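Results of the structural survey
Spelled out from the first residue to the last, the chains are:
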Amino acid sequence: MPDFSPILTRWQFLLSALSVTIYISLLSIAFGFLIGIVVGALRTYGGRVVDSVLGFYVDTMRSLPQLVVLVWTFFAFPLIVGFSMSSTTAGIIGLSAHLGAYVAETVRAGLTSVRRGQMQAALALGMSRLEAIHKIVLPQALIRMMPALGSLCTYAIKDSAIASVIAVPELLRQSQIVVGQTYRYQLVYTTLMIVYFLICYPVARGVDRLYRRVAHLGSS
Amino acid sequence: MTAGWSLVWDNAGRFAEGALLTVELTVVTMLLAIPGGLLLAFLRLSRWRLIRFAATAFVELFRSTPLILQIYWVYYVLPSFTDILLPGLAVALIGLVCNISSYNSETFRAGIVSIRRGQWNAGLALGMNSAQVMLKIVLPQAAMRVLPALASTWVSLFKDTALVSVIHVGDLAYVALKIRTETFVILPVLNAMAVGYWLMGYPQAKLVDWIHRRYKVAE
Amino acid sequence: MNAPARVGADQPPILTFENVSKRYGGLQALSEVSCQVNRGEVVCMIGPSGSGKSTLLRCANALETLEGGRITFDGADVHAAGGDARKVRQRMGMVFQNFELFPHLTVLRNVTIGPTTVLKLDAATADARARALLAKVGLSDKAGQHPAALSGGQQQRVAIARALAMEPALMLFDEPTSALDPETIGEVLSVMKALADEGMTMVVVTHEMDFAKRVADWVVVFDQGRVIEQGPPKQIFEAATVQRTREFLSHLGWHGESIAEVAKSG
């Protein structure tokens, strides 16, 4: 039985690191989804110019590694705008901007997969386009895209670990500090693998389960 | 700021080497991860429960944990199991191949399973055995189905290679960050890094879009 | 002999089509279509598939645009620049071939969403109105369920209730029974007939010739984007003046039985 004391004696330190991981994951999911829904809807309904301009943002984020986005946001962006930000703030901004592009693509695919007749039926009742999108098309699209959106959520949690590179005090980074103090590489990294697995796997399965129960609400 | 940009041009050679390594890592990983993914897919469809379970556990482990952690894990933990000290590049490759094979196995498994049962039956009814049906009927159709997903995974992989920089493997990200640390020049160097990835990644992303459009599955 | 006056001829028509033309890609979907709908009238539009009937309907409530001609509703141009298409659509109800119920909402919410969102009614009024309408179409017990749990005929009846909840002046039916199993067609047609008997102005694109014969006050026959003939059902089904009309009807198995005979056969 391996000696877990290096971890157990630092449980408060590591627990707070875990809470930072959860915190930045949740925030980047929240902001990423917000950005993604708005961008995805604008690209679908906003006309060609809007589609191209926002397409540039989306395709750029698809071309840049998360690591590059995070490093650039923390080190380069402050030099351009003139004020500095904490590593955690930079981390959330970088993660949200990157995730938002993928959410936008998913939302766009979802919106176009909803039958045209649904939009027509909503307009025929006298709704404005905005009302029709907001109340009729978007809800169905989000339900249909639940599996894809769920897997983006797990991506967000996994990518939060990359924020360790810009010294955000999340779980990976703080664990590396413990490794630095104790030289217990195997113990710490193996435990980390288990911890991340215990977070991400249930999220993925949970979304699957939820989707199976509500899928009929999205088929038109 | 011209002082900064001239620094970038002076180091163009190093940037280029880094970019080259990024590309090499991507290509070699995918070359290994396609057979790797196929192997895992077949193991997951095996008749024996134990093999299915082991393969599934492997795949789920690599899909539910961060790649950056997997790279650290292979780097620090694997040597103690095997007593071999591997160079950073090999470690990076092992981590990437295990990770991408896992994603590919899902893609292949879904592709194989998506071929309608009727196709199997048609092949068997002609008198072929299971292997022949798999090779001549199911796999060729599955190949077309999986191409869009594989293309997306390829671009993901290309971006993931940036993570090998954390174990000091000299890809584009590592080179850029090293130059920044050496010279304290920040903005031009980081911009150059971003532009470098963008120039390589953007066409790939567009190509993936084209592949998705071209190979749309029509039932 | 004087033909009997059309229903509602003593008042100005509620809906007019004047030389309406429309292209769809390379195809001329509608060419110089002219006809009118009077208040309280049931107008059935028949003709081969692809002859433009459904397109005309979607032009009537501005879901589609026109290339030529004019459509007026209550005297006002539907497609006027700067006009409010939404106001027109509020006063016209539309029932679609594929029902198009909103799958993520309950049956009740499907019927109340128009009144609450568009007419800005308060929830209680909208609720009461919806329940009354669901009772009218015979589906009170389905109020809390989702569309996926309903049969096609039930969904279409809910769709009719949804359109009626807006208290429209005119109902547009776009092949309402074409996507239904034969067993459920009857229940939808009954609801539509009851609506007609109450005096609702209806424009119905349909292939159900029995229905057209029994319920229509006026029949418009389309072919390849044009109106080839229009008149009372007696004329169209018993004594069509245009050869093409007779061809179309006989192709459907209709051999000129009189309307009285059809009514007798049940």
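Let us look at the structure shown here. (Residues numbered from 1 in each chain as written. Chains lettered and ligands numbered in written order. Predicted model: local features only at pLDDT ≥ 70, side-chain atom pairs only at ≥ 80, totals over all residues. Heavy atoms only, no water.)

Remarks on the arrangement of the chains
Ranked by contact count, the leading pair among the 2 pairs of chains in contact consists of chains A and B. Here chain B and chain C are not in contact; the least distance found between their C-alpha atoms is 22 Å. (Contact = heavy atoms within 4.5 Å.)

Overview of a nonpolar patch on the surface
A cluster of nonpolar residues, B:Val23, B:Val27, B:Val28, B:Leu31 and B:Leu32, forms a patch on the protein surface that exposes about 390 Å² of accessible area. You can see B:Leu32 is positioned in helix H2 (residues 12–44). (Patch = residues over 30% accessible without salt bridge, like charges linked within 9 Å, V, L, I, M, F, W, Y side chains within 5 Å. Areas by Shrake-Rupley, 256 points an atom, 1.4 Å probe, with all protein chains shown as cover. Salt bridge = Lys/Arg side-chain N within 4 Å of Asp/Glu carboxyl O. Helix = DSSP H or I, 4+ residues; strand = E, 2+ residues; numbered from the N terminus.)

So, the packing of aromatic side chains
Inspection of the entire model under this criterion finds 13 aromatic pairs over all chains. Consider the rings of A:Phe56 and B:Trp198, whose centres lie 5.9 Å apart with planes at 55 degrees: the pair is tilted. Here A:Phe56 is found in helix H3 (residues 48–63), whereas its partner B:Trp198 is found in helix H10 (residues 187–214) on a different chain. With a centroid separation of 5.6 Å and 15 degrees between ring planes, the pair formed by A:Tyr189 and B:Tyr72 is classed as stacked. With one member in each of two chains, A:Tyr189 in helix H10 (residues 185–214) and B:Tyr72 in helix H4 (residues 67–76) form a pair that bridges those chains. Residue A:Tyr189 is classed as buried on the basis of its relative accessible area, which comes to 2%. A relative accessible area of 9% means that B:Tyr72 is categorised as buried. Put simply, the rings of A:Tyr185, A:Tyr189, B:Tyr72, B:Tyr75 and B:Tyr76 pair up and form one aromatic cluster. (Phe/Tyr/Trp six-rings, centres within 6.5 Å; stacked < 30°, edge-to-face > 60°. Buried < 20%, exposed > 50% of the residue type's maximum accessible area, 1.4 Å probe, protein only.)

Observations concerning the layout of surface pockets
For the second largest pocket, the calculated volume is near 430 Å³. Along its surface, the second largest pocket is lined by 20 residues, and A:Val165, B:Tyr72, B:Ser165, B:Val166 and B:His168 are the ones closest to its centre. Within the residue set of the lining of the second largest pocket, elements represented by two or more residues are helix H4 (66–81) and helix H9 (171–182) of chain A together with H4 and helix H9 (172–183) of chain B. Looking at which element gives the most residues to the lining of the second largest pocket, the answer is H9(B), with 5 residues. Classifying every residue of the lining of the second largest pocket by side-chain character gives 12 nonpolar, 5 polar and 3 charged. (1 Å grid on protein atoms, 1.4 Å probe; cavity = no way out; pocket = protein on both sides within 12 Å on 5 of 7 lines; lining within 4 Å. Points joined across faces, edges and corners; volume = space filled by probe spheres on them. Nonpolar A, V, L, I, M, F, W, Y, C, P; charged D, E, K, R; others polar.)

Concerning the interface of chain C and chain A
Counting from both sides, the interface comprises 25 residues of chain C and, opposite them, 23 residues of chain A. Summed over both partners, the interface of chain C with chain A buries about 2,000 Å², with 63% contributed by carbon and sulfur atoms. The three residues of chain C that bury the most area against chain A are C:Glu100, C:Pro103 and C:His104, which together make up 28% of that side's buried surface. Across the contact surface, chain C and chain A share 3 salt bridges. The set of elements that each furnish at least two residues to the side of chain C that touches chain A consists of helix H2 (85–91), strand S6 (92–95) and helix H3 (107–117) of chain C. Classifying every residue of the side of chain C that touches chain A gives 12 nonpolar, 7 polar and 6 charged. (Buried area = accessible area lost by both parts, 1.4 Å probe.)

Remarks on the pattern of salt bridges
For side chains bearing opposite charge, pairing can occur when the charged atoms are close. The tally for this structure, following the rule as stated, stands at 36 salt bridges over all chains. In this structure, the salt-bridge partner of B:Glu60 is A:Arg205, at a minimum N-O distance of 3.4 Å. Taken as a pair, B:Glu60 in helix H3 (residues 49–63) and A:Arg205 in helix H10 lie in two separate chains rather than in one. Given the relative accessible area of 30%, A:Arg205 is considered partly exposed. The network of salt bridges with shared partners includes A:Arg43, A:Asp51, A:Glu105 and A:Arg108.

Side note on the packing of helix H2 (residues 11–45) of chain A against helix H5 (residues 87–113) of chain A
All names here are of chain A. Running from N to C, H2 and H5 cross one another at 40 degrees; their axes reach a closest spacing of 5 Å. The pairing of H2 with H5 is recorded here as oblique in orientation. Note on packing geometry: the crossing formed by H2 with H5 is right-handed. Each residue belonging to the contact of H2 with H5 can be placed in one class, and the counts come to 18 nonpolar, 9 polar and 3 charged. (Axes fitted to C-alpha atoms, helices over the stretch in contact; angles between N-to-C directions. Parallel < 35°, antiparallel > 145°, perpendicular 65-115°, else oblique. Left-handed = near helix turned anticlockwise from the far one by under 90°.)

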